[in-house]
Amino acid sequence: MSIQVNAIRSLFPILHQEVNGYPLIYFDNAATTQKPQVVLDALTQYYEKDNSNIHRGAHTLADRATHKYEETRESVRALIGARESAEVIFTRGTTESINLVAKTFGSKFIQKGDEILISTLEHHSNIVPWQMLCEQTGAILKVIPITDAGELVMEEFEKLLSSKTKLISIVHASNALGTINPAKKIIDAAHAVGAKVLLDGAQSASHLEVDVQELDCDFFVFSAHKLYGPTGLGVLYGKRELLEAMPPFLGGGEMIREVTFEKTTYNTIPFKFEAGTPSIAEVIAFKPALDFITSTGKTNIHLHENDLLQYAAELLQDVKGIIPVGTAAEKIAVYSFTIKGMHPFDVGQLLDAKGIAVRTGHHCTQPLMHRLGLEGTVRASFAIYNTRAEVEVFAQALAKIASLKNK
Ligand code: PLP
């Protein structure tokens, strides 16, 4: 393993605390990751030194803030391999990015009778906007089924795909089960029938190498807060020709070229989709998070997290009562499970009492839980700063908890 976990941990102040009398073990990284000191410093420094509105070039502070804001856009472009930074739009998060596409691409290109494909694995934010669009337009939402292991049934996907399919909006890596979907295969098949593809990268962007040009996806969306960056900030990548063809999302300052009471003309991309004053501090503070990911290396991150996942699975495989949920061949480091005879929430509470933070419940994937016949699961999700020692403490705690109901 080429990463130095202790050195990495020292960059994250929040990790060095006790919770309920125990050293914090933070395994809720799929919900949000912790932030390194450089990100915290960048937020403070922005407000101490550079605070100013951007793109209005009136003075030195405005120039500085604008320059830094646009530097982050370039770093995002590099992270996902986009052709040009104009194809990178800042939003408030994955949810807003998907809604933006549903409202703008949807209103222009989706009509009655058209079909939109999603999958059983989707997060609510990749279900509800499409349902709303279908209600408005009369389009039809179709769902790709999954196997019991949590993998897409690709034969069914191929059957659902037709010339009526206008858009496939699919999760790249599942937040609830960890399944990594065969994105390239889906995109190529979609393009063969003339459909566009939105890839929900909320869980893949920080763990997997993503090259939007190689994947050839039409849209790619993610949230900064899951990549060691600030909350309230997301990214929408879109191919230039699509973004240019789409109408604006919100109207207001910055997204215009010229306004008269009779008619408004719109700015070029990306500004056409960034109405109003954006999350300037958060965008600026996202750059050191991206630098951290790049300097650590996505491959190293994936290898380390995967090692923790394998280790957890190995330590827990013989513990009576623990039932892993989601056993796809290709996974990000999400360990979802239930314990026989126990409610996931109670398991979460008992772990919290030992300073171990996990997620419990439906993980904003109620239809998926329904498909699996579960109310919810307990989910441990690993990040670059987690250790094998933490996994051992977690496994020991779980073995004790499981033994309460499984003698
Ligand atoms: N999609 C997936 C797969 C997610 O895991 C999440 C968040 O957990 C979202 C979408 C929504 O992200 P956000 O709440 O940051 O908009």
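Residues numbered from 1 in each chain as written. Predicted model: local features only at pLDDT ≥ 70, side-chain atom pairs only at ≥ 80, totals over all residues. Heavy atoms only, no water.

### Examining the overall build of the chain
Note the following rule: Strands are runs of DSSP state E lasting at least two residues, helices are runs of H or I lasting at least four, and both sets are numbered from the N terminus onward. Throughout this description, buried means an accessible area under 20% of the type-specific maximum (1.4 Å probe, protein chains only), exposed means over 50%, and partly exposed covers the range between. The contact criterion used is simple: two residues touch if any of their non-hydrogen atoms lie within 4.5 Å. A 1.4 Å probe and the Shrake-Rupley method give the accessible areas. Residues count as covered only by the protein chains that appear here.
Per the secondary structure count, the chain includes 14 helices and 17 strands. Dimensions of the chain along its principal axes, counting C-alpha atoms only, are 75 × 55 × 35 Å. Counting the 407 residues in the chain, one finds 55% classified as buried. Counting only contacts in the chain whose residues sit at least 6 apart along the sequence, the fraction spanning at least 24 positions is 72%. With an accessible surface of roughly 17200 Å², the chain has 52% of that area assigned to carbon and sulfur atoms.

### Here we look at the site of the ligand
Selection rule: Here, proximity means that at least one heavy atom of the residue falls within 4 Å of the molecule or strand. By the criterion applied in these results, polar contacts are pairs of N or O atoms within 3.5 Å in which, for protein atoms, one can donate a hydrogen and the other can accept it, and in which residues neighboring in sequence qualify only through two side-chain atoms. Amino acids outside the nonpolar list (Ala, Val, Leu, Ile, Met, Phe, Trp, Tyr, Cys, Pro) and the charged list (Asp, Glu, Lys, Arg) are all regarded as polar, and Gly is one of them.
In the vicinity of the ligand lie 13 residues, with T95, D200, Q203, S223 and K226 positioned nearest. Residue Q203 places a side-chain N or O atom 2.8 Å away from an oxygen atom belonging to the ligand. At 2.8 Å from an oxygen atom of the ligand is found a side-chain nitrogen or oxygen belonging to H225. In isolation the ligand has 390 Å² of accessible area, and contact with the protein removes 85% of it. Looking at the shell around the ligand residue by residue, the class counts come to two nonpolar, nine polar and two charged.

### Some remarks on the domain arrangement of the chain
We count it as follows: The split of the chain into domains comes from an automatic or database domain assignment. Defined in terms of a 1.4 Å probe, buried area is the accessible area two parts forfeit on being brought together, summed over both. Salt bridges are defined as contacts in which a side-chain nitrogen from Lys or Arg sits within 4 Å of a carboxyl oxygen from Asp or Glu.
For the chain, the assigned domains read domain 1 (5–30 + 298–405) and domain 2 (40–294). Spacing between the C-alpha centres of domain 1 and domain 2 amounts to 28 Å. Domain 1 puts 35 residues into the contact, and the matching count from domain 2 is 32 residues. Each partner contributes to the roughly 2800 Å² buried at the junction of domain 1 and domain 2, and carbon and sulfur atoms together form 60% of this total. Our enumeration of links across domain 1 and domain 2 arrives at one salt bridge. Scanning the region where domain 1 abuts domain 2 turns up 21 residue pairs in polar contact (both at pLDDT 80 or more). Secondary-structure elements contributing two or more residues to the side of domain 1 that touches domain 2 are α11 (298–316), β14 (334–339) and α13 (366–372).

### Here we look at the sheet that holds strand β16 (residues 359–361)
This is how it is decided: Here a strand pair is declared whenever DSSP counts at least two bridges between the two strands. The convention used is that axes are lines fitted to C-alpha atoms, helices contributing only their stretch in contact, and that angles between N-to-C directions extend from 0 to 180 degrees.
Spatially, the four strands line up as an open sheet ordered β13-β14-β17-β16, and their pairing is antiparallel. Of all the strands in the sheet, just β13 (322–325) and β16 have a single pairing partner and so form its edges. The sheet shows a mean angle of 30 degrees between the axes of neighbouring strands, taken without regard to direction. Pairing of β13 with β14 involves four bridges; the strand directions are antiparallel. When the bridges of β14 are listed, P324 appears paired with F337.

### Concerning the pattern of salt bridges
Tallying each qualifying case throughout the model produces 20 salt bridges. Between D114 and K166 there is a salt bridge; the shortest N-O distance is 3.8 Å. Within this pair, whereas D114 is found in the loop between α4 (94–109) and β5 (115–119), its partner K166 is found in strand β7 (residues 165–171), the two being separated by 52 residues in sequence. Given a relative accessible area of 10%, D114 falls into the buried group. D148 is paired through a salt bridge with R371; the nearest N and O atoms lie 2.8 Å apart. With a gap of 223 residues between them, D148 in the loop between β6 (140–144) and α6 (154–160) and R371 in helix α13 connect regions that are remote in the sequence. Judged by relative accessible area, R371 falls into the partly exposed class, the value being 33%.

### Overview of the environment of R371
Residues R371 and L121, 250 residues apart in the sequence, show an inter-C-alpha distance of 9.5 Å. In this view, R371 contacts T120, I146, T147 and D148; residues no more than four positions away in its chain are not counted.

### Digging into empty space enclosed by the protein
So the rule is basically this: Only protein atoms enter the calculation, which uses a 1 Å grid: trapped sets of points that fit a 1.4 Å probe without letting it out are cavities, open sets showing protein on both sides within 12 Å along at least five of seven lines are pockets, and any residue with an atom within 4 Å of a point is a lining residue. Grid points are joined across faces, edges and corners, and a volume is the space filled by probe spheres set on the points.
Scanning the model with the defined rule gives one cavity of 30 Å³ or more in all. The calculated volume of the largest cavity comes to roughly 40 Å³. Contributing to the lining of the largest cavity are N29, A30, Q203, H207, I332, A333, V334, S381 and F382.

### A look at the nonpolar core
Basically, it comes down to this: To define a nonpolar core, start from buried Ala, Val, Leu, Ile, Met, Phe, Trp, Tyr and Cys residues and group those joined through side-chain atoms within 4.5 Å.
By size, the foremost hydrophobic cluster in this structure holds 71 residues, and its most contacted members are I80, I168, F220, F222, Y228, F286 and Y385. By residue number, the principal contributor to this core is helix α10 (residues 280–296), which donates ten residues. No fewer than three residues from each of domain 1 (5–30 + 298–405) and domain 2 (40–294) sit in this core. Among all residues touching F220, those that are not within four sequence positions of it are I80, H172, L199, G201, S204, A205, V210, V212, V235, L236 and Y237. Formed by 28 residues, the second largest nonpolar core is a distinct cluster that contains F27, I322, I339 and A402.

### Re the packing of aromatic side chains
Test applied: Here the aromatic set is Phe, Tyr and Trp, taking the six-membered ring for Trp, and pairing holds for ring centres within 6.5 Å; pairs whose planes are under 30 degrees apart are stacked, those over 60 apart are edge-to-face, and all others are tilted.
The full count for this structure, using the stated rule, is 14 aromatic pairs. Between the aromatic rings of F105 and F219, the centroid separation amounts to 5.7 Å while the plane-to-plane angle is 75 degrees, which identifies the pairing as edge-to-face. Taken together, the positions of F105 in helix α4 and F219 in strand β9 (residues 219–223) put the pair 114 residues apart, joining distant regions of the chain. The buried category is assigned to F105, whose relative accessible area is 3%. Among the residues examined, F219 registers a relative accessible area of 0% and is labelled buried. Judged by centre distance (5.3 Å) and plane angle (80 degrees), the rings of Y228 and F292 are edge-to-face. Separated by 64 residues along the polypeptide, Y228 in the loop between β9 and β10 (234–238) and F292 in helix α10 bring together distant segments of the chain. In this structure, Y228 and F292 share a single accessibility class: buried. Aromatic rings pair up to connect F27, Y335, F337, F382 and F394 into one cluster.

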